[in-house]
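# Observations on the model geometry
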Amino acid sequence: MGTGAQFETIDNPASLAGRWRDLESRAESSFFTSWHWMGPWLATLRQKPMLFSWRTGGRVVAVALVSLRRIRRRLLPVPTLFLNQTGDPAEDKAYIEYNTLLAEAGRESEAFVAFHKALTSAGEADNGMTHWQRLRLAGLPGADVARVQALNWRIVEKTESLVPYVDLAKVREHEGRYRDLLSRNTRQSIARSERLYKDAGPLELAAAGNAEQALSWLDHHARLQIARLQAKGRTSSFETPLFRTFVAALLRANIPTGTAEMLRLSAGAPIGYLINFKYRRQVMNYQAAMTEVDDQRLKPGLLSHAMAIARHADGPYDRYSLLAGGDRYKTSLATDREHLYWLTVRRS
C-alpha cells in the first residue's frame, strides 16, 4: 500500500485481520467497526466489497469496506455506494450500527476528507469506485453526521433512531439497585414476572460456556424468534439462511474471546435468550428471543434484560445498550438515550 487513499479488491478476507486490528488498537472504534464484527461478516458474504484505505505518515490511519450496487429508483438503476454494507437486503440483515470509517483516534475528520476525495477523484487507485450517484451511510453516530455535513455532499435522505441504554455508573451509584432507577410500573412488571416465573421453577440466568453451547442455544433462539414474529404477522431475519450463518460465525469467533456472550434465562424450562456484544466498556444487546406467553403478566423480555443488566452492574462495563429502536420495552429499561442516523448522500 502506498501513501494516500485507495481502493483495493479483497481476495482473502483473513489477510486483512492484522492490518485491521492494528488500526483498531489506535482507534476509538465500536464493536461494529472492529474486526470482531467485520471478520465474520466478510467471511459470510457472497460478493466481497472493496477495501478503502488511507495511508499517511508511514502507516494506515483509516479503513472501511465499500460496495457499489445499482439500486432501482423510479424505474432507473442508480449506482449507489454503501459504507460497511453491500446493498443486498439479505446480506444487510446483519444491521450494522455505530457505523463509520475506522480511523486513528483524533484523525476522524481528516479521514472523512480523505474518503470524500477518494470517492470524487478518478485515478489509478479508484478501482471504479468513483462512478456513483448516491452514497448510503447507515447507523452513523451524530459526530459523523456533522463530518458529512462539512463536506461538499448533499444529504437527500435522513432518518434517525433512538438508542436507549443503561448508564451502569448510575447503577453502581445506587449500590447496584438498578430497578430503583426505573419507573414504578416497570419495577412492578419485572417483580411480578420474577415472582410468577419462580413459581414454575428456579430462576437462572446462565451464560453459554463455549461456542459449541452457544450454537446449540442459537437453534432454539432462532425458532423462538421466528415463531414470535410470525404470530405478529412479521418475518424474522433468521428466516434468511445467510443471516443465521452470520450470527453463528459471530458467536464462533467472539464467544472464545469474551467479546460476545449468549445468555439463557430459565425457570425449569428456557424462557428466553440474549446475544450481547462486550467491547470497550460497553455491553450491547444485539439479539433477543423469548417464549410466547398467554399470561400477560409475564414479561420475559423485561425480566431477561433486567437480570442481564444487574449481572453487568458491578463492572467493568459503563453501559448496557439496547441498540437502535424506540420500542417501549427498551425505553422502559433505559436510564439514558442517544441517536443514530441513516443518511443518503447525493453526489454534488
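See the structure above.
Reference entry: report on the structure contained in this document. (Residues numbered from 1 in each chain as written. Predicted model: local features only at pLDDT ≥ 70, side-chain atom pairs only at ≥ 80, totals over all residues. Heavy atoms only, no water.)

## Brief notes about the side chain of His312
Tracing the backbone shows His312 in helix H9 (residues 300-312). In this structure His312 comes out as buried when scored by relative accessible area, which is 5%. A polar side-chain atom of His312 sits 2.8 Å from a polar atom in the side chain of Glu261. The residues contacting His312, other than those within four sequence positions of it, are Leu168, Arg172, Glu261, Lys278, Val283, Tyr317 and Tyr320. (Helix = DSSP H or I, 4+ residues; strand = E, 2+ residues; numbered from the N terminus. Buried < 20%, exposed > 50% of the residue type's maximum accessible area, 1.4 Å probe, protein only. Polar contact = N/O pair within 3.5 Å; in protein donor to acceptor, adjacent residues only side chain to side chain. Contact = heavy atoms within 4.5 Å.)

## Focus on unusual backbone geometry
Here Gly315 and Pro316 are connected by a cis peptide whose omega angle stands at 10°. Residue position: Pro316 is located in the loop between H9 and strand S12 (319-321). Residues other than glycine seldom take positive phi values, yet Asn84 does so here, at roughly 55°. If you trace the backbone, Asn84 turns up in the loop between strand S4 (76-83) and strand S5 (102-103). Despite not being glycine, Tyr98 shows a phi value in the positive range, around 50°. Its place among the elements puts Tyr98 in the loop between S4 and S5.

## Brief notes about the nonpolar core
Ranked by size, the top nonpolar core spans 55 residues in total, and within it Trp37, Leu218, Val247, Leu251, Met262, Phe277 and Tyr286 carry the most contacts. Take this core: its biggest share by element is eight residues, from helix H7 (residues 211-230). In this structure, Trp37 is in contact with Phe31, Phe32, Ala94, Tyr95, Ile96, Phe246, Leu250, Phe277 and Tyr286, ignoring residues within four places of it in sequence. (Core = buried A, V, L, I, M, F, W, Y, C linked by side-chain atoms within 4.5 Å.)

## Here's the deal with empty space enclosed by the protein
Tallied over the entire structure, the rule returns three cavities of 30 Å³ or more. Put simply, the largest cavity is a space of about 60 Å³. With three residues, helix H8 (residues 241-254) is the largest single contributor of residues to the lining of the largest cavity. Class assignment for the residues of the lining of the largest cavity results in seven nonpolar, one polar and two charged. (1 Å grid on protein atoms, 1.4 Å probe; cavity = no way out; pocket = protein on both sides within 12 Å on 5 of 7 lines; lining within 4 Å. Points joined across faces, edges and corners; volume = space filled by probe spheres on them. Nonpolar A, V, L, I, M, F, W, Y, C, P; charged D, E, K, R; others polar.)

Shape is all these values report; function is a separate question.
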